[in-house]
Amino acid sequence: MNIVFFGSGGFALKSLEALVTGAHKVNLVVTQPDKPKGRHLALSSTEVKSKAEALGLKIIQPQNPNSQEAINALKEIPADLYVVISYGHFLKEPLLRLPKLYPLNVHASLLPKYRGAAPINWAIINGERETGVSIIRMVEAMDAGDILLEKKIPIDDNDTAVTLEEKLSTLAAGALTRAIQLIEKKAEKFIKQDTSAVSFAPKLEKRHGEINWSNGAAEISRQIKGLTTWPGAYTYYKGKLLKLWSAEARKENSKNPGEILEAGAGRLIIGTARGSLEIVELQLEGGRRLSAAAFLSGHNLAPGNKFDKAVS
RNA sequence: CGCGGGGUAGAGCAGCCUGGUAGCUCGUUAGGCUCAUAACCUAAAGGUCGUCCGUUCAAAUCGGACCCCCGCAA
């Protein structure tokens, strides 16, 4: 099959590899332009671009893939299928009609649930027990196309956004390979999405990471796991940003959400509205990521202090 | 040159502003206490204070350059 691959994020890497090793001709990789990133705002390329370079594939990075200019370039490239994974730009009608067969999208949820930019994170935050990947035929509406294939996977208690993305990206590569086999045999069947079951997984923003200690310990724990590595769940200590990387919900209750219940012998326990939270790994602004024990040996935290914006 | 914090014993930190014996918590080792212990008590070991240059009688501390780590922002 002649394929044009649209992708940017790390979730797409395994699928791209699978296409290349699967004897398909990836005639072009479309990825987001290099952007200033990190400290000192150095330009950095997308993960897909780096991988595509390593694979020796042709790459374009249009500012707007729907522009006439981009479309003209794409018309030159033979394509039976477009494969779109974690690309990061909405694709519109004229572009979607370019491939001989159709544009496929690989999405990291069981559609119609969790349409949108951050399905993996929101599935964890909301405490879903299972999720999966969906391969759909793209239409001009966000993640709304007919479903060709879905694969399920359980969400483990220990899963974070990072571990789950890893699992799902592997699952996605397999599902994509299978979907293309079906298409080659002209055996593909599409199922319409149940519009009554639609839910959304909006793009993550920094503010989603701020911990509200008036939530329950279990919720906060899921927030921490669902938001690694970005934006991460955070609170404040002595006016500085304090990221919580890993924590476990405990049963002991506290009258004062955000209050330090225990800080010693390697244990750091914070009260929440329902239950308490034992912090396992944390990171203070400017510092590196530390175990609770290491953090405590250098910071004199006393029970009764609170983790919050204004307090010391 | 986007903004900012930091590099001091194995770990995490204080000391730096106001130069002049290197300190805290934990860990390690030895001894003690105990029916016993990762608990408690006592003692010890362990540091070119990121690197180089400069100022000074004297630099972890002041000035400069460079290296490395990190938060924000994007």
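Cut-offs applied
- Residues numbered from 1 in each chain as written.
- Chains lettered and ligands numbered in written order.
- Predicted model: local features only at pLDDT ≥ 70, side-chain atom pairs only at ≥ 80, totals over all residues.
- Heavy atoms only, no water.
- Helix = DSSP H or I, 4+ residues; strand = E, 2+ residues; numbered from the N terminus.
- Buried < 20%, exposed > 50% of the residue type's maximum accessible area, 1.4 Å probe, protein only.
- Areas by Shrake-Rupley, 256 points an atom, 1.4 Å probe, with all protein chains shown as cover.
- Lys, Arg positive; Asp, Glu negative; His and termini not counted.
- Charge placed at Lys NZ, Arg CZ, Asp CG, Glu CD.
- Salt bridge = Lys/Arg side-chain N within 4 Å of Asp/Glu carboxyl O.
- Near = heavy atom within 4 Å.
- Polar contact = N/O pair within 3.5 Å; in protein donor to acceptor, adjacent residues only side chain to side chain.
- Pairing = 2+ DSSP bridges.
- Contact = heavy atoms within 4.5 Å.
- Axes fitted to C-alpha atoms, helices over the stretch in contact; angles between N-to-C directions.
- 1 Å grid on protein atoms, 1.4 Å probe; cavity = no way out; pocket = protein on both sides within 12 Å on 5 of 7 lines; lining within 4 Å.
- Points joined across faces, edges and corners; volume = space filled by probe spheres on them.
- Nonpolar A, V, L, I, M, F, W, Y, C, P; charged D, E, K, R; others polar.
- Domains from an automatic or database assignment.
- Core = buried A, V, L, I, M, F, W, Y, C linked by side-chain atoms within 4.5 Å.

### Description of the overall build of chain A
Looking only at helices and strands, one finds eight helices and 15 strands in chain A. Projecting the C-alpha coordinates of chain A onto the three principal axes gives extents of approximately 65 × 45 × 30 Å. Counting across all 312 residues of chain A, residues that qualify as buried make up 48%. Summed over all atoms, the accessible surface of chain A reaches about 15300 Å², with 50% contributed by carbon and sulfur. Taken together, the 41 basic and 33 acidic charged side chains of chain A have centroids lying 1 Å from each other.

### Notes on the pattern of salt bridges
Here the structure, examined in full by the defined rule, presents 16 salt bridges. When the shortest N-O distance is used, the salt bridge between Arg97 and Glu93 registers 2.9 Å. Given a relative accessible area of 29%, Glu93 falls into the partly exposed group. With a shortest N-O distance of 2.7 Å, Arg250 and Glu278 are connected by a salt bridge. With Arg250 in strand β11 (residues 240-250) and Glu278 in strand β14 (residues 276-284), this residue pair connects regions lying 28 residues apart in the sequence. On the accessibility criterion, Arg250 (26% relative accessible area) is partly exposed. Within the structure, one salt-bridge network assembled from shared partners comprises Glu248, Arg250, Glu262, Arg267 and Glu278.

### Some points on the protein's contact with RNA strand B
Among the 20 residues in the neighbourhood of RNA strand B, the closest are listed as Arg39, Lys206, Gly286, Gly287 and Ser297. Within 4 Å of the protein, the contacting atoms of RNA strand B are 53% sugar and phosphate, with bases supplying the remainder. A distance of 2.7 Å separates a phosphate oxygen of RNA strand B from a polar atom in the side chain of Lys206. For the surface near RNA strand B, the elements supplying multiple residues, two or more each, are β3 (35-37), β11 and α8 (292-298). Considering each element in turn, the surface near RNA strand B owes the most residues, four residues, to α8.

### Side note on the pairing of β11
Examined bridge by bridge, strand β10 (residues 233-237) and β11 share five bridges and lie antiparallel to one another. Across the sheet, the residue bridging to Tyr236 is Leu241, located in β11. In sequence, β10 turns back onto β11 through a hairpin of two residues, with Lys238 there showing a positive phi of about 50°. Pairing of β11 with β14 involves eight bridges; the strand directions are antiparallel. Directly across from Ser246, in β14, lies its bridge partner Glu281.

### Description of the sheet that holds strand β1 (residues 2-7)
The sheet built from seven strands is open, its strands ordered β5-β2-β1-β6-β7-β8-β9 with mixed pairing. A single partner strand is all that each edge strand has here, and the edge strands are β5 (59-60) and β9 (147-154). Bridging between strand β7 (residues 102-107) and strand β8 (residues 130-137) involves four bridges; their strand directions are antiparallel. Paired with His107 across the two strands is Ser134, which belongs to β8. Those strands touched by helix α6 (residues 161-184) are β1, β6 (81-85), β7, β8 and β9, and its axis lies near 150° from that of β9.

### Thoughts on the layout of surface pockets
Over the atoms, a rolled probe matching the size of one water molecule traces out where space is still vacant. There is about 1800 Å³ of room inside the largest pocket. Lining the largest pocket are 47 residues, with Gly9, Ser86, Tyr87, Gly88 and Ala117 sitting closest to its centre. Mapped by element, the contributors of at least two residues to the lining of the largest pocket are β3, β7, α5 (119-125), β8 and α6. Considering only residue class, the lining of the largest pocket consists of 23 nonpolar, 17 polar and seven charged. Counting only domains with at least three residues in the lining of the largest pocket, you end up with domain 1 (2-197) and domain 2 (206-298). Approximately 240 Å³ is the volume attributed to the second largest pocket. Lining the second largest pocket are 13 residues, and of these Asp157, Ser221, Lys225, Ala247 and Glu248 lie nearest its centre. Put simply, the parts of the chain that give the lining of the second largest pocket at least two residues each are α7 (217-226) and β11.

### As for empty space enclosed by the protein
Applying the stated criterion across every chain, the model contains one cavity of 30 Å³ or more. Estimated volume of the largest cavity: approximately 30 Å³. The biggest single contributor to the lining of the largest cavity is β11, with three residues. Grouping the amino acids of the lining of the largest cavity by side-chain chemistry returns four nonpolar, three polar and one charged.

### A word on α7
Among the residues making up α7, those that are buried are Ala217, Ile220, Ser221, Gln223, Ile224 and Gly226. Buried residues along α7 sit against α5, α6, β10, β11 and β14.

### Observations concerning the nonpolar core
Inside soluble globular proteins, nonpolar side chains tend to come together where they are buried. Core analysis: the largest hydrophobic core is formed by 45 residues, its most contacted members being Phe5, Phe11, Leu168 and Leu176. The dominant element in this core, judged by the number of residues it contributes, is α6, at 10 residues. The next biggest cluster of nonpolar side chains, apart from the first, holds 22 residues, and it includes Ile211, Ile220, Ile260 and Ile279.

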